[in-house]
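Residue strings, one per chain:
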Amino acid sequence: SLDKIFAVRYDNVIDTVESKVFAVGVESYTVGSNEFYMSYAASHPGVYNLLDNGHYHPTEVVSDKIPAMLVFSDKIALHITRPIRWDSDHVVILDDELKAITTEINRGGFYDRVHIGLDFFDGSINRIACWAIGARNMQKALLWAALEPVAMLQKFEADGDFTSRLAYLEEIKTLPFGAVWDHYCDMQNVPTGDGWIKEMKKYE
């Protein structure tokens, strides 16, 4: 079936396969395992892996997969979401894994090789809020990664100065990221802080 699907190629479309750890009948239909799809993409030129950070075991993270997979593939796609665990709302949040994903992209200079798509669905909250929270959090994570002094950290690593590398990585965690985000919002003529929530409520 996959061979028939991918027999026809379209301009401006990246053909991907998206695996799940879950079995058939769990959460939704599962067409292939991670191992099957990784192997399929590796053996079919022009078909790429799409990594959904909601489709793996809770202790397995997509951020670790990005640099490893890009050794063997010229591009990958990401489906950024929030895993179905206990809350099941899928809205993208600014958690450690989202920041780790964007940090891996930035450190490797992979912006032109990683294609990012977002996913949010939750019937219990406002649909505009789902979209706005998720999109803003993806932008925040990309900004967080872009502010990291990668060249300096790489020099410490190359020089074997792991003490400075660790010290600066820890200092970075408490730098005033929020002020840079607010400035970015000002530049884009959108509300800073919680101002967007009032606009969303008005729309609702």
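Right, let's walk through the structure included here. (Residues numbered from 1 in each chain as written. Predicted model: local features only at pLDDT ≥ 70, side-chain atom pairs only at ≥ 80, totals over all residues. Heavy atoms only, no water.)

**Looking at helix α2 (residues 34–43)**
(1) Moving on: Turning to α2, its buried residues number three or more, namely Asn34, Tyr37, Tyr40 and Ala41. The buried side chains of α2 occupy one side of the element, clustering within an arc of 135° when seen end-on. Counted as exposed and oriented over 90 degrees from the buried face of α2: Glu35 and Ala42.
(2) Moving on: For α2, the secondary structure elements touched by its buried residues are α1 (2–5), β1 (15–18) and β2 (47–52). (Buried < 20%, exposed > 50% of the residue type's maximum accessible area, 1.4 Å probe, protein only. Helix = DSSP H or I, 4+ residues; strand = E, 2+ residues; numbered from the N terminus. Arc of directions from axis to C-beta. Contact = heavy atoms within 4.5 Å.)

**Examining the pairing of β1**
Looking along a regular strand, one sees the side chains alternate between the two faces of the sheet.
(1) Moving on: Residue alternation in β1 divides its side chains into a buried set, Asp15 and Val17, and an unburied set, Thr16 and Glu18.
(2) Moving on: Bridge analysis of β1 against β2 gives four bridges, and the strand direction is parallel. Paired with Asp15 across the bridge in β2 is Val47. (Pairing = 2+ DSSP bridges.)

**Digging into helix α4 (residues 96–108)**
(1) Moving on: Its 13 residues place the ends of α4 18 Å apart at the C-alpha level, agreeing with the 18 Å of an ideal helix rising 1.5 Å per residue.
(2) Moving on: If you check which residues of α4 are buried, you get Glu97, Leu98, Lys99, Ile101, Thr102, Thr103, Ile105 and Asn106.
(3) Moving on: At its buried positions, α4 is contacted by α3 (62–69), β3 (76–80), β4 (114–118), α5 (127–146) and α6 (150–158).
(4) Moving on: Once α4 finishes, Gly109 follows within two positions and takes phi at roughly 65°, a positive value. (Expected span 1.5 Å × (residues − 1).)

**Thoughts on the sheet that holds β1**
(1) Moving on: One open sheet accounts for four strands, arranged β1-β2-β3-β4; its pairing is parallel. Looking at strand neighbours, the two that pair on one side only are β1 and β4, the edges of this open sheet. Averaged over all pairs of adjacent strands, the angle between their axes in this sheet comes to 30°, without regard to strand direction.
(2) Moving on: Running over the sheet, α2 touches β1 and β2 and is turned about 150° from β2. (Axes fitted to C-alpha atoms, helices over the stretch in contact; angles between N-to-C directions.)

**A few points about the nonpolar core**
(1) Moving on: One finds Ile66, Ile76, Leu78 and Val114 to be the most contacted residues of the largest nonpolar core, which totals 20 residues.
(2) Moving on: Listing elements by their share of this core, those giving two or more residues are α3, β3, α4 and α5.
(3) Moving on: Excluding residues that lie within four positions of it along the chain, Ile76 makes contacts with Asn49, Leu51, Ile66, Met69, Leu70, Arg113, Val114 and His115. (Core = buried A, V, L, I, M, F, W, Y, C linked by side-chain atoms within 4.5 Å.)

**Things to note about the pairing of β3**
(1) Moving on: Where burial is concerned, most of β3 is hidden: four out of the five residues are buried.
(2) Moving on: Bridge count between β2 and β3: three bridges; the pairing is parallel. Its bridge partner lying in β3, Asp52 is registered against His79.

**A look at the packing of aromatic side chains**
(1) Moving on: Here the structure, examined in full by the defined rule, presents six aromatic pairs.
(2) Moving on: Ring geometry for Phe156 against Tyr168: centres 5.4 Å apart, planes inclined by 25°, an arrangement best described as stacked. On the criterion of sequence distance, the pair formed by Phe156 in helix α6 and Tyr168 in helix α7 (residues 162–172) is long-range, its members being twelve residues apart.
(3) Moving on: The exposure class of Phe156 is buried, given its relative accessible area of 16%.
(4) Moving on: Grouping aromatic residues by their ring pairs yields a cluster made of Phe6, Phe36, Tyr37 and Tyr40. (Phe/Tyr/Trp six-rings, centres within 6.5 Å; stacked < 30°, edge-to-face > 60°.)

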